Amino acid sequence: MTGWERFTDSFFNARVMEQYLPKIIEGFGLTVILALLIIVAGLAAGLLLALLRAFAIRPLNWLIIFTVDLFRALPPLVIIVLLFFGLPSAGMELSGFASTWLALALVLMAFSEEIFWAGITSVPKGQWEAARSTGLGFVATLRDVVLPQALRLTIPPLTNRTIAITKGTALASVVAVQDILGAAHGAVSHSYNPSPLTMGAIAYLILFFPVVVLGRWIETRFAWKR
Amino acid sequence: MSPAPIVDARAIHKHFGHLHVLKGVDLQVAEKELVFLIGPSGSGKSTLLRCLNRLEDPSSGSVVVDGIDMLDKRTDINKARQRIGMVFQSFNLYPHMTALGNVALALRKVQGLGRAEAEAKGRAALDRVHLAEKAETYPLQLSGGQQQRVAIARAIALEPRVMLFDEPTSALDPELVGGVLAVMRELREDGMTMVVVSHEMGFAKAAADRVVFMSDGMIIETGAPAEIFANPREERTRAFISQIERH
Amino acid sequence: MEDFLLAFLNWQIVQEAWPILWDGLKSTLALSAMVVPLGIAGGIILAVLSTLPSPWVRWPLRVWVDTFRALPPLVLLIFLFAGLPFAGVDIGAWGAVAVGFFLNTGAYYGEILRAGIESVPRGQIEAARSTGLTSGQTMRHVVLPQAVRNVLPDLISNTLEVVKLTSIASVVALPELLFQARQAQSVTYNATPIVAAAVVYFILLWPVVRLLSRLENRQLASRR
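Because the structure is predicted, anything quoted here is derived from the model rather than measured.

Caption draft 1: Representation of the overall build of chain A. Scanning chain A from N- to C-terminus turns up nine helices and zero strands. If you list the helices and strands of chain A from N to C, you get α-α-α-α-α-α-α-α-α. In terms of overall dimensions, chain A has C-alpha extents of about 80 × 50 × 25 Å along its principal axes. By the burial criterion, 55% of the 226 residues in chain A qualify as buried. For chain A, the share of sequence-separated contacts (at least 6 apart) that also reach a separation of at least 24 residues comes to 76%. Entry remark: accessible area of chain A is about 9500 Å², with carbon and sulfur atoms responsible for 71%. Charged side chains of chain A number 16 positive and 12 negative; the gap between the two group centres comes to 12 Å.

Below, the structure is given as structure tokens:
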């Protein structure tokens, strides 16, 4: 065998690819579901925390800031491992899927809270004053005047951060979830051929390449030109 | 005998940390009166204005506007503020809403009007500041003068009993000042009660009923514009006016 | 509650496991000291190349960067560690981590530095060239220093992410902090070592997070 043949036989082996394609497709579905659940929960929780923080209740704010700092400082994989391997010794059990979901949703919550909050505080004080002077209450001012301006500002950093954290779904393979990477890695040990990894990599590119390009577009589209 | 003042602020003190910004200020404004507040920067005029609708909470004193005790905890401050329009130096229009959206927001959210009714009222208010044709335009596409007129429309749409103006023309290019002052003059002719903080002395001479000179957190002197500008009694007033007139 | 404390915050186990964790911490620091400069070097190469006007450079470069931004780093790492040996290229755990981080974090650093370079006004380059500096000198002495300053919060933020990301090296059995904590856990049958590792990460990285949240708040506010 020439070097080139050996290379294609290893990484682009048609027989192996055909055999494991269904597994990879299943993994693809799982990755997509996991990613969507993380995005929904993480962004909702992050926005909620940022809004709570706007009420400026001292002890509550300290708690929010600490929580946010905690999940920004800890590596996602450490949180996943802690939830998956740690909780059972306390008599609680979370599946690998649930551990990954919870861990990454908490991480996204932390990062998005920080971004939402920065957006809210960047709306000038005059906007609050103008709204309050017309009789709008605190909540109405936040909802109708401040938040729409804050959100626009937060879209680019939020998109990029969400993409980065969502890519972390591949970490689920460490806790035995059959997502794309889990399925691919498993298939390599079964077939003793790395072609499934090639497929896995391609699957991730199909999933995330358009998202990365979208993120780039959003960054220029929402650039604040004033 | 004159009727009860519509704005009645008494013994207002305001501290910001160690700073004593207002040192026992009394201000009464009669209905349909235009009172002009002048004085050097840092004299407390803007703070006084903002105490009247409680954008700042006075440290002590009392504020009654149109019979409502503004400092009473039981007062619904959001309801009370609808009777007191305010116009800011930096316009503070909401950049994510059209001119009409800016004007209609409080009509809908505070007064609870339906969209159609709020927009009709909003258009009427824009018409009063001669910007009916700019209803669908966003603030950033308007000139500074136009933005400030929209801000005035936003305030008068709520049919306030009193209007507060906090340096409404200071952020404007000179050629845009006239349009804003013209709108203010029309408001006055329609009988609006107005309290104006401004350096537009020409406008004060022509339109004000009374000029109040503040310095260092206190009211130094008050009187008819002719009096204050022609022969002020106090040395500090004289110094301030001669300095302004030189410009 | 007692059970919980015994399982998660068992001081005796912390003491037992500490030598193992300490080894792990040292490896994590060594790993970071290796991959951060590697990533920055990769980033500088990409960013400088991206200033070339030719579309023959620009577009392949963009595809390269976006590919490595789209590929989860763990996928890349496993490919290098478990896939390449099939082609007769075995670079080991450290090698796989080094190459993987060079490619992945290099792409991120590259994007940040490119944005930084684009933020330096054209007049700066013209002024430097007018005094006779070569384009290389202009880049090194005039453009890059300003570019770095303009995107410093992003650079720090990315570096924080890179240090956190070193934890995935545990998957290829490189004995860094998380891997060692897992080892200690399997020896002691207790979750405390993992909690201890998390605490170590937190103590190590919290100051950076605090600093960043200040810088970022200021940055977003100034974008208006």
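Caption draft 2: Looking closely at the side chain of Thr169(B). Residue and element names in this part refer to chain B. Along the polypeptide, Thr 169 turns up in the loop between strand E7 (162-166) and helix H6 (174-189). Here the side chain of Thr 169 touches Glu 200 through a polar contact of 3.2 Å, side chain to side chain. Those residues in contact with Thr 169, other than ones at most four positions away along the chain, are Val 177, Val 180, Leu 181, Ser 198 and Glu 200.

Caption draft 3: Just the nonpolar core, in detail. Within the largest apolar cluster, 110 residues are counted, with the highest numbers of intra-cluster contacts made by Leu181(A), Tyr204(A) and Val97(C). If one sorts the elements of this core by residue count, helix H10 (residues 192-222) of chain C sits on top with eleven residues. If we ignore the near neighbours within four places in the chain, the residues touching Tyr204(A) are Thr31(A), Ala170(A), Asp179(A), Ile180(A), Leu181(A), Phe209(A), Ala70(C), Leu71(C), Pro72(C) and Val75(C). Counting residues in hydrophobic clusters, the runner-up holds 90 residues, among them Leu55(B), Ala99(B), Leu131(B) and Leu172(B).

Caption draft 4: Quick peek at the packing of helix H4 (residues 73-83) of chain C against helix H5 (residues 92-119) of chain C. Residue and element names in this part refer to chain C. At a minimum axis separation of 9 Å, H4 and H5 run at an interaxial angle of 140°. Our classification of the angle between H4 and H5 gives oblique. With respect to the hand of their crossing, H4 and H5 are arranged in right-handed fashion. Counted together, Pro 73, Leu 76, Leu 77, Leu 80 and Phe 81 of H4 and Gly 92, Ala 93, Ala 96, Val 97, Val 99, Gly 100, Leu 103 and Asn 104 of H5 form the full contact between these two elements. When its residues are assigned to classes, the contact of H4 with H5 shows ten nonpolar, three polar and no charged.

Caption draft 5: Focus on helix H4 (residues 115-128) of chain B. All names here are of chain B. With 14 residues, H4 ought to run about 20 Å at 1.5 Å a step, and its terminal C-alpha atoms sit 20 Å apart, in line with that. Taken as a whole, H4 has its buried residues at Ala 118, Gly 122, Ala 125 and Leu 126. Viewed end-on, H4 has its buried residues packed into an arc of 100°, placing them on one side of the element. Lining the buried residues of H4 we find helix H3 (99-109) and helix H5 (144-156). Positive backbone phi, at 60°, marks His 130, one or two positions downstream of H4.

Caption draft 6: Representation of the interface of chain C and chain A in the model. Facing 57 residues of chain C, the contacting portion of chain A comprises 61 residues. Of the roughly 5000 Å² buried between chain C and chain A on both sides combined, carbon and sulfur atoms contribute 69%. Viewed at the interface, chain A and chain C are joined by four salt bridges. Viewed at the interface, chain A and chain C are joined by eleven residue pairs in polar contact (both at pLDDT 80 or more).

Caption draft 7: Region of interest: the sheet that holds strand E6 (residues 84-87) of chain B. Residue and element names in this part refer to chain B. Here we have six strands laid out as an open sheet, ordered E6-E7-E8-E3-E9-E10, and mixed in their pairing. The strands lining the two open edges of the sheet, one partner per strand, are E6 and strand E10 (218-223). Neighbouring strand axes in the sheet, compared pairwise and without regard to direction, differ in orientation by 20° on average. As paired elements, E6 and E7 share four bridges and run parallel to each other. Counted as the bridge partner of Met 86 is Leu 164 from E7. Where helix H1 (residues 45-52) meets the sheet, it contacts strand E3 (34-38), E6, E7, strand E8 (193-197) and strand E9 (210-215), and its direction lies at approximately 150° from that of E7. Of the strands in this sheet, E6 and E7 touch H5, which is tilted by about 170° from E6.

Caption draft 8: Broad picture of the pattern of salt bridges. Considering all chains together, one arrives at 32 salt bridges over all chains under this definition. Two residues, Arg143(A) and Asp144(A), come together in a salt bridge whose shortest N-O distance is 3.2 Å. Residue classification places Asp144(A) among the buried positions, given a relative accessible area of 12%. Across the pair Arg161(B) and Asp66(B) runs a salt bridge whose closest N-O atoms are separated by 3.0 Å. With Arg161(B) in the loop between H5 and E7 and Asp66(B) in the loop between strand E4 (60-65) and strand E5 (68-69), this pair connects stretches of sequence that are 95 residues apart. Judged by its relative accessible area of 32%, Arg161(B) falls in the partly exposed class. Within the structure, one salt-bridge network assembled from shared partners comprises Arg216(A), Asp66(C), Arg69(C), Glu111(C), Arg114(C) and Glu118(C).

Reading the values: rules and limits
- Residues numbered from 1 in each chain as written.
- Chains lettered and ligands numbered in written order.
- Predicted model: local features only at pLDDT ≥ 70, side-chain atom pairs only at ≥ 80, totals over all residues.
- Heavy atoms only, no water.
- Helix = DSSP H or I, 4+ residues; strand = E, 2+ residues; numbered from the N terminus.
- Buried < 20%, exposed > 50% of the residue type's maximum accessible area, 1.4 Å probe, protein only.
- Contact = heavy atoms within 4.5 Å.
- Areas by Shrake-Rupley, 256 points an atom, 1.4 Å probe, with all protein chains shown as cover.
- Lys, Arg positive; Asp, Glu negative; His and termini not counted.
- Charge placed at Lys NZ, Arg CZ, Asp CG, Glu CD.
- Polar contact = N/O pair within 3.5 Å; in protein donor to acceptor, adjacent residues only side chain to side chain.
- Core = buried A, V, L, I, M, F, W, Y, C linked by side-chain atoms within 4.5 Å.
- Axes fitted to C-alpha atoms, helices over the stretch in contact; angles between N-to-C directions.
- Parallel < 35°, antiparallel > 145°, perpendicular 65-115°, else oblique.
- Left-handed = near helix turned anticlockwise from the far one by under 90°.
- Nonpolar A, V, L, I, M, F, W, Y, C, P; charged D, E, K, R; others polar.
- Expected span 1.5 Å × (residues − 1).
- Arc of directions from axis to C-beta.
- Buried area = accessible area lost by both parts, 1.4 Å probe.
- Salt bridge = Lys/Arg side-chain N within 4 Å of Asp/Glu carboxyl O.
- Pairing = 2+ DSSP bridges.

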